[in-house]
Amino acid sequence: MDRLVRKKIAVVCMVVLAIIYFAGIFAPFIAPYDYTEPHFTEIRKPPSLQFWAGTDFAGRDVFSRVLWGIQNTVIITLVSMATGGLLIGITMGLMSGYFGAWIDGLIMRVGELFASFPDILLVIILAAALRPRFLEWARWAEDNLGIEGVVRSGVVDYVAVSLALVAFGWVGMARLVRGQVLSLKQTPFVEAAQAAGAGTPRILFVHLLPNVISPVVVSVSAGMGAMIGAEIILSWLGLGIQPPRPSLGQMLLQAGSLSALREVPWMLIAPSTVAFSMLLTWSLLGDSLNDVLNPRTR
């Protein structure tokens, strides 16, 4: 921890990420306006004391919409990393490396099947295929079970995008953990635990898992940037969070044309600055953590 604190770039990255994530999580309390609230007399206004980041083509406050877009990105990426990269990836990697034999072969072959597709292409295919099915089920629930507001709440978009990100998020983590376990399972402390009668779950999660935490932490910090980029690209392509809920990808698409850049450049500044900051800080933080946790650099 002391080595991490001494790295100024790591501290700066953590502070920037903390500010962005805090703003996104507490967007309902921080945003000065509702993200759908139009101001018909303030359409396409540049930044001012009233609208810090200006207004868009419908007179909506860009700053408020960016905050809600951050919240969507934070929720989706954290859920996807927690379920795909950590829960599924670490579990599959522990089992594959420890048991070996046909279990190792099965898990790795399934992983290779997912890895055979380019990551972003696989995410796009899954998101495009899953969302219509989930949307159909949500509408059925509203019509037959009396549950209102399922589609409007954005749950369908959250689930579809999260599952698409989970599908490619576990493979790299599983391979990383498997490699670590293969080198650890023959060590004396594991053999001692086996001789003492420790059960398989205890050996996996009490003896082996703590010894692979360092590379896992580095992988998570690097993977978060990739997931954020994938979520933004999905929204930019119209496969992510759907209107009326705002997303960084949608805002970048709306302000990305040449005419918009000439007439309303402020519409691009706020979302692009936030998106770039999140991608850059996660990448730099991953490099810093690698320097701190890698024994060869000590």
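Residues numbered from 1 in each chain as written. Predicted model: local features only at pLDDT ≥ 70, side-chain atom pairs only at ≥ 80, totals over all residues. Heavy atoms only, no water.

**Student:** So what exactly am I meant to see when it comes to a nonpolar patch on the surface here?
**Tutor:** Together, L113, F117, I120, L121, I125, I233, W236, L237 and L253 give the surface a local cluster of nonpolar side chains, amounting to about 790 Å² of exposed area. Where the nonpolar patch is concerned, the elements lending two or more residues are α6 (119-144) and α10 (213-236). Here the nonpolar patch gets 3 residues from one element, more than from any other, and that element is α6. By the element assignment, I125 lies in helix α6. According to the relative accessible area criterion, I125 is partly exposed, its value standing at 42%. (Patch = residues over 30% accessible without salt bridge, like charges linked within 9 Å, V, L, I, M, F, W, Y side chains within 5 Å. Areas by Shrake-Rupley, 256 points an atom, 1.4 Å probe, with all protein chains shown as cover. Salt bridge = Lys/Arg side-chain N within 4 Å of Asp/Glu carboxyl O. Helix = DSSP H or I, 4+ residues; strand = E, 2+ residues; numbered from the N terminus. Buried < 20%, exposed > 50% of the residue type's maximum accessible area, 1.4 Å probe, protein only.)

**Student:** Even after reading the chapter, I still don't get the pattern of salt bridges, so can you show me in this structure?
**Tutor:** Two side chains of opposite charge can pair, provided their charged atoms sit close to one another. Scanning the entire structure with this criterion turns up 5 salt bridges. Among the ionic pairs, D56 bridges to R65, the shortest N-O distance being 3.8 Å. For D56, a relative accessible area of 3% translates into the label buried. Linking E112 and R109 is a salt bridge whose minimum nitrogen-to-oxygen distance equals 2.8 Å. Of this pair, E112 and R109 both sit in helix α5 (residues 101-115), 3 residues apart, which is roughly one turn of that helix. Taken together, the salt bridges that share partners define one network made up of D56, R60 and R65.

**Student:** Would you explain the packing of aromatic side chains in this entry?
**Tutor:** The geometry of two aromatic rings is summed up by the distance between their centres and the angle between their planes. Scanning the entire structure with this criterion turns up 7 aromatic pairs. Both rings, one in Y21 and one in W282, keep their centres 6.3 Å apart while their planes meet at 70°; by these two values the pair is edge-to-face. With Y21 in helix α2 (residues 8-25) and W282 in helix α13 (residues 266-293), the pair connects residues that are 261 residues apart, well separated along the chain. The buried category is assigned to Y21, whose relative accessible area is 11%. For W282, a relative accessible area of 14% puts it in the buried group. A connected cluster of aromatic rings, assembled from ring pairs, spans F22, F26 and F29. (Phe/Tyr/Trp six-rings, centres within 6.5 Å; stacked < 30°, edge-to-face > 60°.)

So far we have only geometry, and geometry alone does not tell us how the molecule works.
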